[in-house]
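# Coordinate analysis (summary)
The primary structure of each chain is shown beneath.
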Amino acid sequence: SVSARGWGPATTSEPRVLSCKGASGGELSLMCDTVAVDSPPPARARVATVVLQPMLTLMNALPIGSLTISLGDGNTPSWQEVEVPSMERRNTYELPGAGRAAQLLVRARLAKNAPWSESVAFQRKTICRVRSPAETSEAQEIQLKMTASGAAAGIDVVPVGQFA
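Residues numbered from 1 in each chain as written. Predicted model: local features only at pLDDT ≥ 70, side-chain atom pairs only at ≥ 80, totals over all residues. Heavy atoms only, no water.

### Remarks on the sheet that holds strand β7 (residues 80–84)
What the four strands build is an open sheet, ordered β7-β6-β9-β10; its pairing is antiparallel. With one partner strand each, in any of the chains shown, β7 and β10 (120–123) form the two edges of the open sheet. On average, each strand axis in the sheet is inclined to that of its neighbour by 30°, with strand direction left out of account. (Pairing = 2+ DSSP bridges. Helix = DSSP H or I, 4+ residues; strand = E, 2+ residues; numbered from the N terminus. Axes fitted to C-alpha atoms, helices over the stretch in contact; angles between N-to-C directions.)

### Structural notes on the environment of Ser29
Looking at the element boundaries, Ser29 is found in strand β3 (residues 27–38). Classification of Ser29 as buried rests on a relative accessible area of 2%. In this structure, the C-alpha to C-alpha distance between Ser29 and Ser19, residues ten residues apart in sequence, is 4.3 Å. Dropping the residues within four chain positions of it, Ser29 is found in contact with Val17, Leu18, Ser19, Met55 and Tyr93. (Buried < 20%, exposed > 50% of the residue type's maximum accessible area, 1.4 Å probe, protein only. Contact = heavy atoms within 4.5 Å.)

### Some words on the side chain of Ser70
Of note, Ser70 is situated in strand β6 (residues 67–72). Not counting residues within four places of it along the chain, the set of residues in contact with Ser70 comprises Trp79, Gln80, Glu81, Leu105, Val106, Arg107 and Trp116.

### Side note on unusual backbone geometry
A positive phi angle is found at Met87, which is not glycine, with a value near 60°. By the secondary structure assignment, Met87 is in the loop between β7 and β8 (89–92).

### Brief notes about the nonpolar core
A general tendency of soluble globular proteins is for nonpolar side chains to be buried together. Judged by nonpolar contacts, the single largest core of 20 residues is most densely connected at Leu58, Ile69, Leu71, Val106 and Ile142. The set of elements that each furnish at least two residues to this core consists of β5 (56–59), β6, β7, β9 (103–109), β10, β11 (140–144) and β12 (153–157). Contacts of Leu58, omitting those with residues within four sequence positions, involve Ile69, Leu71, Val82, Val84, Glu88, Arg89, Arg90 and Thr92. (Core = buried A, V, L, I, M, F, W, Y, C linked by side-chain atoms within 4.5 Å.)

### Structural notes on the pairing of β5
Only one face of β5 is covered, namely the one carrying Leu56 and Leu58; the face carrying Thr57 and Met59 has none of its residues buried. Across four bridges, β5 lies against β8 in antiparallel orientation. Residue pairing across strands places Met59 opposite Arg89, the latter belonging to β8.

### Quick notes on the pattern of salt bridges
Going through the model one piece at a time under the given rule, you end up with four salt bridges. In this structure, the salt-bridge partner of Glu81 is Arg109, at a minimum N-O distance of 3.7 Å. Pair noted here: Glu81 is in strand β7 and Arg109 is in strand β9, with a separation of 28 residues, a long-range link. Since its relative accessible area comes to 46%, Glu81 is described here as partly exposed. Under the relative-accessibility criterion, Arg109 is labelled buried at 12%. (Salt bridge = Lys/Arg side-chain N within 4 Å of Asp/Glu carboxyl O.)

### Structural notes on the packing of aromatic side chains
Summed over all chains, the structure comprises zero aromatic pairs. In this structure, Arg107 packs its charged tip against the face of Trp79, placed 3.9 Å from the ring centre. Cation over ring: Arg107 sits above Trp116, and NZ or CZ is 4.6 Å from the ring centre. (Phe/Tyr/Trp six-rings, centres within 6.5 Å; stacked < 30°, edge-to-face > 60°. Lys NZ or Arg CZ within 6 Å of the ring centre and 35° of its normal.)

### Brief notes about the confidence of the model for the protein
Atom-level detail of predicted coordinates should not be read off regions where pLDDT is low. Of the residues in the protein, 80% have a pLDDT of 70 or more, and the chain-wide mean is 78. Looking at the elements of the protein, mean pLDDT is at its lowest for helix α1 (residues 124–129), recorded as 65, and at its highest for β7, recorded as 91. (pLDDT = per-residue confidence, 0-100.)

### Looking at a nonpolar patch on the surface
A contiguous nonpolar patch, built from Leu18, Val50 and Leu52 and spanning about 270 Å² of accessible area, is present on the exposed surface. Tracing the backbone through its elements, the reader meets Leu52 in strand β4 (residues 46–54). (Patch = residues over 30% accessible without salt bridge, like charges linked within 9 Å, V, L, I, M, F, W, Y side chains within 5 Å. Areas by Shrake-Rupley, 256 points an atom, 1.4 Å probe, with all protein chains shown as cover.)

Next up, the structure:
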């Protein structure tokens, strides 16, 4: 609970998922964070700030090459692929499992013909609750290869806060 001079204490809510059907028939989801404070006298009003953000922002911190990231939910055989160029980020508004699956599976590959890594799983509630780098959960490592018989490179996959 934080307060500015004359303002009442701030009240924050747990992040919530807002979903609706997208144009392609998929589900469009946004994270919704709310902070409310009481204004100082004489107004005596409750002021709320609502922040809408993508469900997931994928970041590629590799210095060269694009990274294709694939997301799954473990309940359906389909995977959602997102290509993220070197040192860039991409927002994702549709998540496998319509935003309600208990876990999110993540796998990656370095090139179109490269093999997929093994997948790592994150609990969806962990991803939704990470608000700052201090709340980051532990890294999970995936092994990426350019060819099936090639040497593997270890890459860390970490959910980090919205301001990372």
